[in-house]
Amino acid sequence: MTADQRQAVLTVDDLTVVYETEEPVTAVKHADLVLHKGEILGLAGESGCGKTTLAYAVNRLHRPPARIASGRITFHGDDGDTDILALDDAELRAFRWERLSMVFQGAMNALNPVTTVRAQLKDTLLAHRPRMSRKEIRERSEDVLTRVGVDPRRLGSYPHELSGGMRQRVMIAMAMLLEPQIMIMDEPTTALDVVVQRDILREIVRLRDELDFAVIFITHDLPLLLEISDRIAVMLDGEIVELETADRLYREAKHPYTRKLLGSFPSLSGERGAFIRTGVDETTEDSTVATAKERA
Amino acid sequence: MTNLKPTSEPSVADSAELLAETSVETGRKPRAGWRMLVPTMTPWLAIGLGLIAAITLFGLIGPLFVGDPRTIRDMGLTPPSGEFWLGTTQTGQDVLAQLAYATRGSLQIGVIVGLLATALSAFFGIYGAYRGRVVDEGFSLFTNVFLVIPGLPLVIVISGFVPAESRGLWTIAIVLAVTSWAGSARVLRAQTLSVRNRDYVAASQVSGERPWRVIVVEILPNLLPVIASQFVFAVISAILGEAGLSFIGLGASNSSTLGTMLFYAQNGFALSLGAWWWFVPPGLIIALFGMGLSLVNFSIDEIINPKLKNLRLHRKRARRAARLERELAQASRRNGVPSQQAKPNQDKEIAR
Amino acid sequence: MTSVKITDLVKDYTLRSGLKRTRLRAVDHVSLELTPGRTVALVGESGSGKSTIAKILTRMERPTAGTVDVRLDDGTPVTNAHYRREVQMVFQDPFASLNPFHSIEHHIARPLKIHGRTKTQDDTRARVLEMLERVNLTPAEAIAPRRPHELSGGQRQRVAIARALAPGAQVLIADEPVSMLDVSIRLGVLNLLGRLQREDQLAVLYITHDLATARHFSDEIVVLYRGRVVERGPSDAVILDPHHDYTKLLALAAPDPERPGRVTSEAPVDREAIDNSTCYDHFKGEWTEAGVPARSESKA
Ligand SMILES: Nc1ncnc2c1ncn2[C@@H]1O[C@H](COP(=O)(O)OP(=O)(O)OP(=O)(O)O)[C@@H](O)[C@H]1O
Ligand SMILES: Nc1ncnc2c1ncn2[C@@H]1O[C@H](COP(=O)(O)OP(=O)(O)OP(=O)(O)O)[C@@H](O)[C@H]1O
Ligand SMILES: [Mg+2]
Ligand SMILES: [Mg+2]
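Residues numbered from 1 in each chain as written. Chains lettered and ligands numbered in written order. Predicted model: local features only at pLDDT ≥ 70, side-chain atom pairs only at ≥ 80, totals over all residues. Heavy atoms only, no water.

## A closer look at the domain arrangement of chain A
Reports often express the size of an interface as the amount of accessible area lost when the parts come together. All names here are of chain A. Once the domains are mapped, chain A shows domain 1 (3–99 + 181–295) and domain 2 (107–179). Counting residues at the interface gives 20 residues for domain 1 and 15 residues for domain 2. The junction of domain 1 with domain 2 conceals about 1500 Å² of combined surface from both sides, 64% of it contributed by carbon and sulfur atoms. For domain 1, the biggest contributors to the area lost against domain 2 are Trp97, Glu98 and Ile200; these three give 37% of the whole. As a salt-bridge pair, arginine 129 and glutamate 98 come within 3.2 Å of each other at their nearest N and O atoms. In this structure, the connection of domain 1 to domain 2 is made through two residue pairs in polar contact (both at pLDDT 80 or more). Those elements that provide at least two residues to the side of domain 1 that touches domain 2 are strand 7 (182–186) and helix 6 (194–211). With seven residues, the single largest contributor to the side of domain 1 that touches domain 2 is helix 6. Looking at side-chain class alone, the side of domain 1 that touches domain 2 contains 11 nonpolar, three polar and six charged residues. (Domains from an automatic or database assignment. Contact = heavy atoms within 4.5 Å. Buried area = accessible area lost by both parts, 1.4 Å probe. Salt bridge = Lys/Arg side-chain N within 4 Å of Asp/Glu carboxyl O. Polar contact = N/O pair within 3.5 Å; in protein donor to acceptor, adjacent residues only side chain to side chain. Helix = DSSP H or I, 4+ residues; strand = E, 2+ residues; numbered from the N terminus. Nonpolar A, V, L, I, M, F, W, Y, C, P; charged D, E, K, R; others polar.)

Shown next, in the form of structure tokens:
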């Protein structure tokens, strides 16, 4: 069951996003993307290349000065196609979280510090399912937390009482809450160890098999992506320079940038010195970021 | 770093960063953090400051130039004339002189209450949240108790309870302050909690900074816009509250304020006698002062939420962006595919 | 030069759920030693108590039981007044650990002033520039007046390191210092830490969940699982020859592009079944009991 034979669930066509600042920045340039049902699509690329901007635009969460300059985003639901760009505000509100949810970058610090996890889950549920009973809300909240491996007893905790990884998992749970058809996860696992990462990804995969939803997984951690995703899109400077199945990308990457990304990660089992040698020199590391900043 | 986090409430801690980014965008690099706390001058802010300055000046130096407002003459209710610019009251007192003293009295009340309420809310909101645990819980409970006490009735009861002779300016100010700080304290507590859980606060504690310095140097600057806006709001509501109290005869007995003026105008049947010069000026001053403070408050809001400022700075561009986006949506709704020749045009328009 | 000896550290938190209160043991009899010139990596799953140990070491939390003993080279204990000069910390999120309101200079100058390292204004400024140069932030004059948002993540983390070292700290606790950074930047920051450690003979506690960097950048690895130490030993031994089930799982779970699709195919390991009552000590080459007071060194 390769991804290509599956039915598409989201089509992004020629998407361009511009930040209308003094010096307009084109953060996403003519991006084309098809997300299939039940697929995990990885989106990799260095800091500042436009990953988050792309994710926001797909959700229409972008705020001025960001602007979609061209393109078309179509959601292929069970009940026909929806043109996301043509939705009005009320439709959009109903669409988000129900159909398409998002785990935000820096999710660790995105929880409201003044209320408990329970209250925050409840608010999200009630906003979309106003008629849910108390008992259902409690059961649902406990269920999603268990799915991401957080003890349901922690429902009563305030965010600062949770460890960094737990906070991140609570945010992932929140995105799962309404069982949307698409989940966009923007660097959701930076604070998680590999084992928990794997548990969560396994849970996502399990849910995908059960509910057939699709995931766009954004990260700069290519090794992780290679393992979990069906296909990977590599972004450079706002453009999607390569979109391949994970296996092909690893073995026969076409774009030199992809090969550079592939070359720069430490290997656990390799020689001790190998890491240092392949790694970037201490003094030159910021060059990629610096250039990105200059471009902006 | 570039995320807008739309699910979470905007907090001031994010805003300092956003604001800094905004000002870089506009080409000016503020070197000192303090500088970004100064609101940008807009016509609205200018009008607001102008109104406040004019009224404050009138209240400060007006009394020096007018006669004794209590002098009784046998020329009751004369309309404005060359001698008495704003006419006289029923008992022949100079309305202009009364107005000058009353403005001074109201401003005094406003500032005193503003300072007291801000100090109370800052103490209970910030210090409680900073200390956490028992202190926070105690302070929160205390704040919530004050929050649920209905303000105006309590003020009326307290003022009515205190005998008229000892009901001075300070008594009224304290009563007003005590009943009005709780809401602000809650907001400050929430904001402090979000700031104090940031790593930079922990980092400064670890580097050995004393608690009061952590509060004043690391936390407070991030809260200043909120506090300033709360102060302004407290001043408005104190002046209005005092006017209300005086109007029902429960105001300060030893000082004259705009509210007492209205009270006497009401008692003297100014309205039914058509003596507009007696009640319109004090009413107008209250309204204009409130307006001025609100305009200033809007500018402070832009500091708290720089996105507003961003919006204003880029309003033209944003409007064009929104229009283009709408057109794009319409086009795609009409013919399924965005028309190909529309694109170069759009690009040109953006470039302009 | 300063060394730290943690003995039988215990930290309990109270969890409230409604009226019920339960006790959560976040750290359970952990003993550790940090010595000058050595890096100890603390790895473990999310929520296993790593940050709690860091918080106790930096005195942001009080331990429920156990001792933290910090001694200078000559064996004299570090007094409370000097504690913060000796033990410093680098935080995980470089975007949250610098105050957006203040300049870079402020961040480094404050610890210098607090600990009386500099007397005059000019002196402080010179030291700040010197510190910035040490962490490769050049030109220092241009960086010092900037504010955090004008720097990239990697640069911010260098500022955080400079701030930690400013008071002359000899013990550095780095709580996941690179996990929020772009992969391409991580190495640079870690190499910098390594160099500073060698130059100043620092004692470093490197908290991470990334086994690969733990192996390459530390001398000793301590594996924490649900608050208890379950394996400890020289880095290579722990990674290449893991004994405890959890360490094995951790090593196995590290991303490996040679084996794609493992997530979906592999049967989930029942982690509830992994027990944390025993600990393999590679130094002694034997299993010991975990989560109980250390028997051997009882201090007078
Ligand atoms: N509000 C904004 N105003 C102006 N430019 C912006 C804004 N937000 C982002 N940008 C620019 O858009 C580009 C893409 O940013 P984006 O956040 O999408 O990158 P990213 O790939 O998600 O990076 P990271 O991995 O660091 O999260 C960057 O060059 C950034 O400077
Ligand atoms: N203030 C607190 N109140 C209650 N529980 C707390 C508090 N701080 C931490 N905990 C709990 O202690 C345990 C250990 O947390 P800690 O932050 O040390 O984990 P960690 O190993 O750093 O995890 P991560 O890798 O996710 O950051 C967690 O279960 C956490 O929820
Ligand atoms: Mg991003
Ligand atoms: Mg932690």
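Back to the text.
## Observations concerning the packing of helix 3 (residues 95–131) of chain B against helix 4 (residues 133–148) of chain B
Residue and element names in this part refer to chain B. Look at helix 3 against helix 4: their axes get within 7 Å of each other, and the N-to-C directions meet at 150°. It follows from the interaxial angle that helix 3 and helix 4 lie roughly antiparallel. Crossing handedness for the pair helix 3 and helix 4: left-handed. From helix 3, Phe123, Phe124, Tyr127, Gly128, Ala129 and Arg131 reach across to helix 4, where they touch Arg133, Val135, Asp136, Phe139, Phe142 and Thr143. Looking at the contact of helix 3 with helix 4 residue by residue, the classes come out as seven nonpolar, two polar and three charged. (Axes fitted to C-alpha atoms, helices over the stretch in contact; angles between N-to-C directions. Parallel < 35°, antiparallel > 145°, perpendicular 65-115°, else oblique. Left-handed = near helix turned anticlockwise from the far one by under 90°.)

## Points about the UniProt feature "transmembrane region" (unreviewed entry) in chain B
All names here are of chain B. In the numbering used here, UniProt assigns the "transmembrane region" (unreviewed entry) feature to residues 44–66, 109–130, 142–162, 169–188 and 285–304. Its end C-alpha atoms 32 Å apart, residues 44–66 is made of 96% helix and 0% strand. Here residues 109–130 runs as 100% helix and 0% strand, with 30 Å between its end C-alpha atoms. (UniProt positions renumbered as here; feature names shortened; annotations may be inferred.)

## Some remarks on the packing of aromatic side chains
If you walk through the whole model with that rule in mind, you get 14 aromatic pairs over all chains. Look at A:Phe75 and A:Phe95: their rings are 5.1 Å apart centre to centre, the planes differ by 85°, and that puts the pair in the edge-to-face class. Taken together, the residues span a long stretch of sequence, with A:Phe75 in strand 4 (residues 66–77) and A:Phe95 in helix 2 (residues 89–95) at a distance of 20 residues. Among the aromatic residues, those joined into a cluster by ring pairs are B:Phe123, B:Phe124, B:Tyr127, B:Phe139, B:Phe142, B:Phe146 and B:Trp181. Directly above the ring of B:Tyr130 sits B:Arg196, whose terminal nitrogen or CZ lies 5.5 Å from the centroid. (Phe/Tyr/Trp six-rings, centres within 6.5 Å; stacked < 30°, edge-to-face > 60°. Lys NZ or Arg CZ within 6 Å of the ring centre and 35° of its normal.)

## Considering the nonpolar core
The biggest cluster of nonpolar side chains holds 55 residues, and the ones touching the most others in it are C:Ile108, C:Leu132, C:Ile161, C:Leu172, C:Ile221 and C:Tyr246. With seven residues, the single largest contributor to this core is helix 7 (residues 183–200) of chain C. For C:Ile161, the residues in contact, after removing those within four places along its chain, are C:Val90, C:Val135, C:Val189, C:Leu192, C:Leu193 and C:Leu196. Core analysis: the next-biggest nonpolar cluster, separate from the first, contains 52 residues, A:Met183, A:Leu207, A:Leu226 and A:Tyr257 among them. (Core = buried A, V, L, I, M, F, W, Y, C linked by side-chain atoms within 4.5 Å. Buried < 20%, exposed > 50% of the residue type's maximum accessible area, 1.4 Å probe, protein only.)

## Brief notes about the confidence of the model for chain B
All names here are of chain B. Averaged over chain B, the pLDDT score is 73; the fraction of residues at 70 or greater is 71%. The low-confidence segment residues 1–13 (pLDDT under 50) makes 39 contacts with residues lying over four places distant or belonging to another chain. Ignoring residues within four places in sequence, the model shows residues 22–31, a span with pLDDT below 50, making 20 contacts including any to other chains. (pLDDT = per-residue confidence, 0-100.)

## Some thoughts on the sheet that holds strand 9 (residues 231–236) of chain A
Residue and element names in this part refer to chain A. Strands sit in the order 6-7-8-3-9-10 across an open sheet of six strands; the sheet is mixed. This sheet does not close on itself; its edge strands, each paired only once, are strand 6 (100–103) and strand 10 (239–245). Going across the sheet, the axis of each strand differs from the next one's by a mean of 15°, ignoring polarity. As paired elements, strand 6 and strand 7 share four bridges and run parallel to each other. Across the sheet, the residue bridging to valine 103 is methionine 185, located in strand 7. In the packing of helix 5 (residues 164–176) onto the sheet, contacts are made with strand 6 and strand 7, and the angle to strand 6 comes to roughly 175°. Across the sheet, helix 9 (residues 256–263) touches strand 9 and strand 10, and the angle it forms with strand 9 is around 105°. (Pairing = 2+ DSSP bridges.)

## Description of the sheet that holds strand 6 (residues 171–175) of chain C
All names here are of chain C. As summarised here, the arrangement of the eight strands in space is 5-6-7-3-8-9-10-11, forming an open sheet in which the pairing is mixed. One side of each edge strand has no neighbouring strand; the edge strands of this open sheet are strand 5 (87–90) and strand 11 (286–289). Taking the axes of each pair of neighbouring strands and ignoring which way they run, one obtains an average angle of 20° across the sheet. Of the pairings in the sheet, the one linking strand 8 (residues 220–225) to strand 9 (residues 228–234) comprises six bridges and is antiparallel in character. Each bridged residue has a counterpart across the sheet, and for glutamate 220 the counterpart in strand 9 is proline 234. On the sheet, helix 6 (residues 153–165) packs against strand 5 and strand 6 and is oriented at approximately 175° with respect to strand 5. Of the strands in this sheet, strand 3 (39–44), strand 8 and strand 9 are in contact with helix 10 (residues 245–253), which crosses strand 8 at around 105°.

## Looking at the site of ligand 2
The environment of ligand 2 is made up of 19 residues, and the closest members are A:Arg154, C:Gly47, C:Lys50, C:Ser51 and C:Thr52. Among the chains of the assembly, those with residues near ligand 2 are chains A and C. Residue A:Arg154 places a side-chain N or O atom 2.5 Å away from an oxygen atom belonging to ligand 2. Interatomic distance of 3.4 Å between a side-chain N/O atom of C:Tyr13 and a nitrogen atom of ligand 2. (Near = heavy atom within 4 Å.)

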